[in-house]
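Observations on the three-dimensional arrangement
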Amino acid sequence: MNPIFANLPVTVFEAMSQLARDNDAINLGQGFPDHPGPEDIRQAAADAVLNGYNQYPSMMGLPELRQSIATHYQHWHGLSLDPMSEVMVTSGGTEALTAAILAVVEPGDEVVCFQPVYDSYLPIIRQAGGIPRLVSLKPPHWRLTEEDLRSVFNHKTKAVLFNNPLNPAAVVYPREDLELLAKFCQEFDTIAICDEVWEHVVFEGFKHIPLMSIPGMRDRTIKIGSAGKIFSLTGWKIGFVCAAPPLLRVCAKVHQFLTFTTAPNLQTAVAYGLGKPDEFFEEMTTDLARSRDRLAAGLERIGFPVIKSQGTYFLTVDLSPLGLNETDEAFCKRIVHDYKVAAIPVSAFYEEEKVTSVVRFCFAKKDSTLDTALERLSDAVHRR
Ligand code: PMP
């Protein structure tokens, strides 16, 4: 069997969720909310299933959804996208990423990635024959530096894969870092595949800036989005690819043989949802910020050094000042077993130069779930 996939471990999310089930633990590992999601958007999907169209839709996505994506990004980020030649709907951000990587990367091409790296990127880059060039970002700021970029970019750099806001580090990159990355992309004629699935989960004081909007990046960026994240309906798996026509055309050629198309009834509901007023999106982030603050305050009371979360469903804690003398992975295994709370060790997102002291918790949960988890963890940093 193909060693690229045969030798892959089970993903850390599945492994920790299994440990959570085995130990009857509260799962603050995998990132999904434990509420049902916006009712009107679910109703729109139900109506579309019963009264709408349930046959193969257009390969590129329903025209009304592509229009609604273009309008949404114009409104929120001032991006001007032609819905017919620059927007495509996929079955989730994961499919969009795979289509983009396979469309761009040829054998021998180098692809710059930043660790902590989302787990789908590297196997697909390798399957395309690409060679990942990894930068190791460091807590607590996880910022890009000129020196790091200079050490990996060169004339063989075909693409850079950049995740912003960054899961699991919960950073929203400022314009300065995006401009630095853009400078390297232009110097080395590199295509940026920008995973922006968390673009709407950005907290007060921070602002999501699409890499595509940075001068010089409009026609060399493939922007990836996910309705699952925008509407906290993670099982829906509706993704978007936005790119200039010469790039999108090739992504579409890959998409036609990955999934070809995506459930039309869910597409109808997403088209409706993207048109909702600004207050809807603002309320969603306000609610999530409240949950973030609840978990952060509780963890700090217990004694965890919490790194402030700027976006995503996650916050991280850095164990190093606690002197626990164990890695993030050992810590996560211990707390799921002894305290019945599952979290994710951030070292699982590294292949080289690992950071082994940071743990990720998901706060997109009901207050009662967070409170019970905190009660259970109350002596987790002391009793050893
Ligand atoms: N990229 C990142 C950084 C993610 O966190 C996720 C979801 N966990 C995805 C891509 C995948 O998105 P989707 O569920 O739409 O496939």
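Now for the sheet that holds strand 9 (residues 306-307). Spatially, 4 strands are ordered 9-10-13-12 in an open sheet, and the strand pairing comes out antiparallel. The open sheet is flanked by strand 9 and strand 12 (344-345), the only strands paired with a single partner. Relative to strand 13 (residues 358-362), strand 12 is paired through 2 bridges, and the arrangement is antiparallel. Following the sheet pairing, Pro-345 is matched in strand 13 by Val-359. Of the strands in this sheet, strand 12 and strand 13 touch helix 14 (residues 328-338), which is tilted by about 45° from strand 13.

What the 7 strands build is an open sheet, ordered 2-8-7-6-5-3-4; its pairing is mixed. The open sheet has two free edges, formed respectively by strand 2 (87-90) and strand 4 (131-136), since each of these has just one partner strand. Here the strands of the sheet are splayed against their neighbours by 20° on average, with no regard to which way each runs. Running over the sheet, helix 6 (residues 92-104) touches strand 2, strand 5 (157-163), strand 6 (191-195), strand 7 (221-226) and strand 8 (239-242) and is turned about 165° from strand 7. Against the sheet, helix 9 (residues 175-187) touches strand 3 (110-115), strand 5 and strand 6, its axis set at about 165° to strand 5.

Looking now at the domain arrangement of the protein chain. Partitioning the protein chain into domains gives domain 1 (3-30 + 279-376) and domain 2 (40-276). Here the C-alpha centroids of domain 1 and domain 2 sit 24 Å apart. Taken together, the contact between domain 1 and domain 2 spans 32 residues of the former and 43 residues of the latter. Approximately 3200 Å² of surface area, both sides summed, lies buried where domain 1 meets domain 2, with 68% of it carried by carbon and sulfur atoms. For the pair domain 1 and domain 2, the interface holds 2 salt bridges. The partner of Glu-353 in a salt bridge is Lys-138, and the shortest N-O contact between them spans 4.0 Å. Linking domain 1 to domain 2 there are 12 residue pairs in polar contact (both at pLDDT 80 or more). Contributions of two or more residues to the side of domain 1 that touches domain 2 are made by helix 1 (3-6), helix 13 (278-302), strand 10 (314-318) and strand 13. Among the elements that line the side of domain 1 that touches domain 2, the one with the most residues is helix 13, at 7 residues. In terms of residue class, the side of domain 1 that touches domain 2 is built from 18 nonpolar, 7 polar and 7 charged.

Let us look at the nonpolar core. Core analysis: the largest hydrophobic core is formed by 107 residues, its most contacted members being Phe-114, Leu-181, Ile-222, Leu-299, Phe-304 and Phe-361. The two domains that each donate at least three residues to this core are domain 1 (3-30 + 279-376) and domain 2 (40-276). The next biggest cluster of nonpolar side chains, apart from the first, holds 29 residues, and it includes Leu-62, Cys-242, Ala-269 and Ala-271.

To continue, consider helix 3 (residues 39-51). With 13 residues, helix 3 extends 18 Å between its outermost C-alpha atoms, agreeing within 8% with the 18 Å of an ideal straight helix rising 1.5 Å per residue. Every buried residue belonging to helix 3 is among Ile-41, Ala-44, Ala-45 and Ala-48, and all of these are buried. Down the axis of helix 3, the buried set is contained in an arc of 95°. They therefore lie on one face. Residues of helix 3 that are exposed and point over 90 degrees away from its buried face: Glu-39, Leu-50 and Asn-51. Structurally, helix 3 contributes buried residues whose contacts are with helix 12 (264-274) and helix 13.

Our focus in this paragraph is the environment of Thr-94. As for its position among the elements, Thr-94 is in helix 6. Distance in space between the C-alpha atoms of Thr-94 and Asp-195 is 9.4 Å, their sequence separation being 101 residues. In contact with Thr-94, other than residues within four places in its own chain, are Ser-120 and Lys-237.

With that out of the way, let us pick up the side chain of Thr-261. Relative to the assigned elements, Thr-261 resides in the loop between helix 11 (245-258) and helix 12. Within the structure, the side chain of Thr-261 is placed 3.5 Å from the backbone oxygen of Ser-58, a separation counted as a polar contact.

For the ligand, the set of nearby residues contains 13 residues, the closest of which are Thr-94, Asp-195, Ser-226, Lys-229 and Lys-237. Between the ligand and Tyr-118 there is a distance of 3.3 Å, counted from a nitrogen atom to a side-chain nitrogen or oxygen. Between Asn-167 and the ligand, the recorded distance is 2.8 Å, taken from a side-chain N or O atom to an oxygen atom. Here the element with the most residues in the shell around the ligand is helix 6; it accounts for 4 residues. Tallied by class, the residues present in the shell around the ligand amount to 4 nonpolar, 6 polar and 3 charged.

Reading guide: rules and limits
All residue numbers here refer to positions counted from 1 along the written sequence of the relevant chain. Where totals are concerned, whole chains, interfaces and linings use all residues; where local detail is concerned, this predicted model gives features only for residues with pLDDT of at least 70, and gives and counts side-chain atom pairs only at 80 or more. Side-chain measures here rest on the full set of heavy atoms in the structure, leaving out hydrogens and waters. Any two strands with at least two DSSP bridges between them are considered paired. Every helix listed is a DSSP run of H or I at least four residues long, and every strand listed is a run of E at least two residues long, numbered separately from the N terminus. Any two residues whose heavy atoms approach within 4.5 Å are treated as being in contact. Helix axes use the C-alpha atoms of the stretch in contact, all axes being lines fitted to C-alpha atoms, and the angles between their N-to-C directions lie in the range 0 to 180 degrees. Where each domain begins and ends follows an automated or database-derived domain assignment. Accessible-area loss on putting two parts together, using a 1.4 Å probe and summing over both, is the definition of buried area adopted here. When a carboxyl oxygen of Asp or Glu lies within 4 Å of a side-chain nitrogen of Lys or Arg, that pair is called a salt bridge. A 3.5 Å cut-off defines polar contacts: any pair of N or O atoms within that distance qualifies, except that in protein one atom must be a possible hydrogen donor and the other a possible acceptor, and neighbouring residues in sequence count only when both atoms are side-chain atoms. In the scheme used here, Gly and all other residues not listed as nonpolar or charged are polar, with Ala, Val, Leu, Ile, Met, Phe, Trp, Tyr, Cys and Pro taken as nonpolar and Asp, Glu, Lys and Arg as charged. Here the nonpolar core consists of buried residues drawn from Ala, Val, Leu, Ile, Met, Phe, Trp, Tyr and Cys, with membership extended through side-chain atoms lying within 4.5 Å. Three exposure classes are used, based on accessible area relative to the maximum for each residue type with a 1.4 Å probe and protein chains only: buried under 20%, partly exposed in between, and exposed over 50%. Multiplying 1.5 Å by the residue count of a helix minus one yields the expected span of that helix. Along the arc lie the directions from the helix axis toward the C-beta atoms. The nearness test applies per residue and asks whether one of its heavy atoms lies within 4 Å of the molecule or strand.

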